[in-house]
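If you want the building blocks of each chain, they are given just below.
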Amino acid sequence: SQTIHQWPATLVQPVGSPLSLECTVEGTSNPNLYWYRQAAGRGLQLLFYSVGIGQISSEVPQNLSASRPQDRQFILSSKKLLLSDSGFYLCAWRGSGEQYFGPGTRLTVT
Amino acid sequence: QQQVKQSPQSLIVQKGGISIINCAYENTAFDYFPWYQQFPGKGPALLIAIRPDVSEKKEGRFTISFNKSAKQFSLHIMDSQPGDSATYFCAASVNFNKFYFGSGTKLNVKP
């Protein structure tokens, strides 16, 4: 069966520090991969999605970037975090149909 | 511009009652409409989904009603239980590519 992992589970970072969040999927190949952000009590904002290695589409211009160095690995990065980057970051994958979410990373920028 | 509009923002229902959450969309190219359930601190979990070629889909206590002409769809939770208390999101996509989510409904089922 397919499994999606995200780490770390929680992260507290100061403003201006770099960020790297990792997502990996097991049990499938060539999935579509997605990064979402969820602000407290809010909906899901699509940040990036990828249909293959090295193929990244950005939905919202901001100080975040994404990379897909391997088929089942998706990384969300920032060179300098802003206070507004705080939120719940969710990775998701889609195989032949439905989209499934990972457990999420809670990021607090102080 | 929000692609999928969801209401209400919050909902309180007594145990055993019916919870109804509504969503509306504009893009007639959407061909897949899932609902997700999210508990605090967890990622959303797929609950039930429908394609526009059917008007209703039922799985246990959960039913999606779909009105293609009105461009609306809704989630009905029958015999609501306290364990159903969570945030529910509707979504829509074209050919399973990008998914557009509603703003979420926080459901509280009182015992």
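Note: the structure precedes this text.
Rules used in this analysis
- Residues numbered from 1 in each chain as written.
- Chains lettered and ligands numbered in written order.
- Predicted model: local features only at pLDDT ≥ 70, side-chain atom pairs only at ≥ 80, totals over all residues.
- Heavy atoms only, no water.
- Helix = DSSP H or I, 4+ residues; strand = E, 2+ residues; numbered from the N terminus.
- Rg over C-alpha atoms; globule rule 2.2 N^0.38 Å.
- Buried < 20%, exposed > 50% of the residue type's maximum accessible area, 1.4 Å probe, protein only.
- Contact = heavy atoms within 4.5 Å.
- Areas by Shrake-Rupley, 256 points an atom, 1.4 Å probe, with all protein chains shown as cover.
- Buried area = accessible area lost by both parts, 1.4 Å probe.
- Salt bridge = Lys/Arg side-chain N within 4 Å of Asp/Glu carboxyl O.
- Polar contact = N/O pair within 3.5 Å; in protein donor to acceptor, adjacent residues only side chain to side chain.
- Pairing = 2+ DSSP bridges.
- Axes fitted to C-alpha atoms, helices over the stretch in contact; angles between N-to-C directions.
- Disulfide = S-S within 2.5 Å.
- Phe/Tyr/Trp six-rings, centres within 6.5 Å; stacked < 30°, edge-to-face > 60°.

## Things to note about the overall build of chain A
Check the secondary structure of chain A and you find zero helices and 11 strands. Along the chain direction, N to C, the helices and strands of chain A fall in the order β-β-β-β-β-β-β-β-β-β-β. For a compact globule of 110 residues, the expected C-alpha radius of gyration is about 13 Å, and chain A comes in at 13 Å, within 12% of that figure. In terms of overall dimensions, chain A has a C-alpha envelope of 40 × 25 × 20 Å along the principal axes. Looking at the 110 residues of chain A, the share that counts as buried comes to 47%. Long-range contacts, defined here as pairs at least 24 residues apart, represent 54% of the contacts in chain A between residues at least 6 apart. For chain A, the exposed area adds up to about 5,100 Å²; of that, 51% sits on carbon and sulfur atoms.

## Examining the overall build of chain B
Along its length, chain B carries zero helices and 11 strands. The order of helices and strands in chain B, counted from the N terminus, is β-β-β-β-β-β-β-β-β-β-β. Here the C-alpha atoms of chain B give a radius of gyration of 13 Å, agreeing with the 13 Å that 2.2 N^0.38 yields for 111 residues. In terms of its C-alpha atoms, chain B occupies a principal-axis envelope of roughly 40 × 30 × 20 Å. In chain B, once contacts between residues fewer than 6 apart in sequence are set aside, the share between residues at least 24 apart is 53%. By element, 49% of the accessible surface of chain B is carried by carbon and sulfur atoms, the whole surface being about 5,500 Å².

## A few points about the interface of chain B and chain A
Quoted interface sizes are often the accessible area lost when the parts come together. If you look at the interface, chain B gives 16 residues, while chain A gives 22 residues. Across the chain B to chain A interface the summed buried area is about 1,400 Å²; carbon plus sulfur atoms make up 59%. Between the two partners, chain B and chain A, sit one salt bridge. Residue A:E59 is joined to B:K98 by a salt bridge in which the shortest nitrogen-to-oxygen separation is 3.2 Å. Linking chain B to chain A there are four residue pairs in polar contact (both at pLDDT 80 or more).

## Observations regarding the sheet that holds strand β7 (residues 64-70) of chain A
All names here are of chain A. Strand order across the open sheet formed by four strands is β1-β3-β8-β7, with antiparallel pairing between neighbours. The sheet is open, and its two edges are formed by β1 (3-7) and β7, each paired on a single side. Ignoring strand direction, the axes of neighbouring strands in this sheet form an average angle of 20°. Taken together, the six bridges between strand β3 (residues 19-26) and strand β8 (residues 73-78) define a ladder with antiparallel strand orientation.

## As for the state of the cysteines
Residue and element names in this part refer to chain A. For the structure on display, the rule yields two disulfides over all chains. One disulfide in the model links C23 with C91; its S-S distance is 2.0 Å. The S-S bond linking C23 to C91 shows a torsion near -70°; that makes this disulfide left-handed. Placement of C23 in strand β3 and of C91 in strand β9 (residues 87-94) is noted, with a sequence separation of 68 residues between them. Both residues of the pair, C23 and C91, belong to the buried class.

## A short note on the packing of aromatic side chains
Residues and elements named next belong to chain B. In the structure shown here, the tally under the stated rule is 22 aromatic pairs over all chains. Between Y32 and F99, the aromatic rings sit 6.1 Å apart at their centres with planes inclined by 90°, giving edge-to-face as the arrangement. Of the two residues, Y32 sits in the loop between β3 (19-25) and β4 (33-38) while F99 sits in strand β10 (residues 99-101), which places them 67 residues apart along the sequence. The residues Y32 and F99 share a single accessibility class, namely buried.

## Some words on the environment of B:Q37
Residues and elements named next belong to chain B. Structurally, Q37 is set in strand β4. Put simply, Q37 and Q81 are 44 residues apart on the chain and 14 Å apart in space, counted from C-alpha to C-alpha. Those residues within four positions of Q37 in sequence are excluded, and the remaining contacts are G43, P44, A45, L47, D84, A86, T87 and Y88. In this structure the side chain of Q37 is engaged in a polar contact, spanning 2.9 Å, whose partner is the side chain of Y88.

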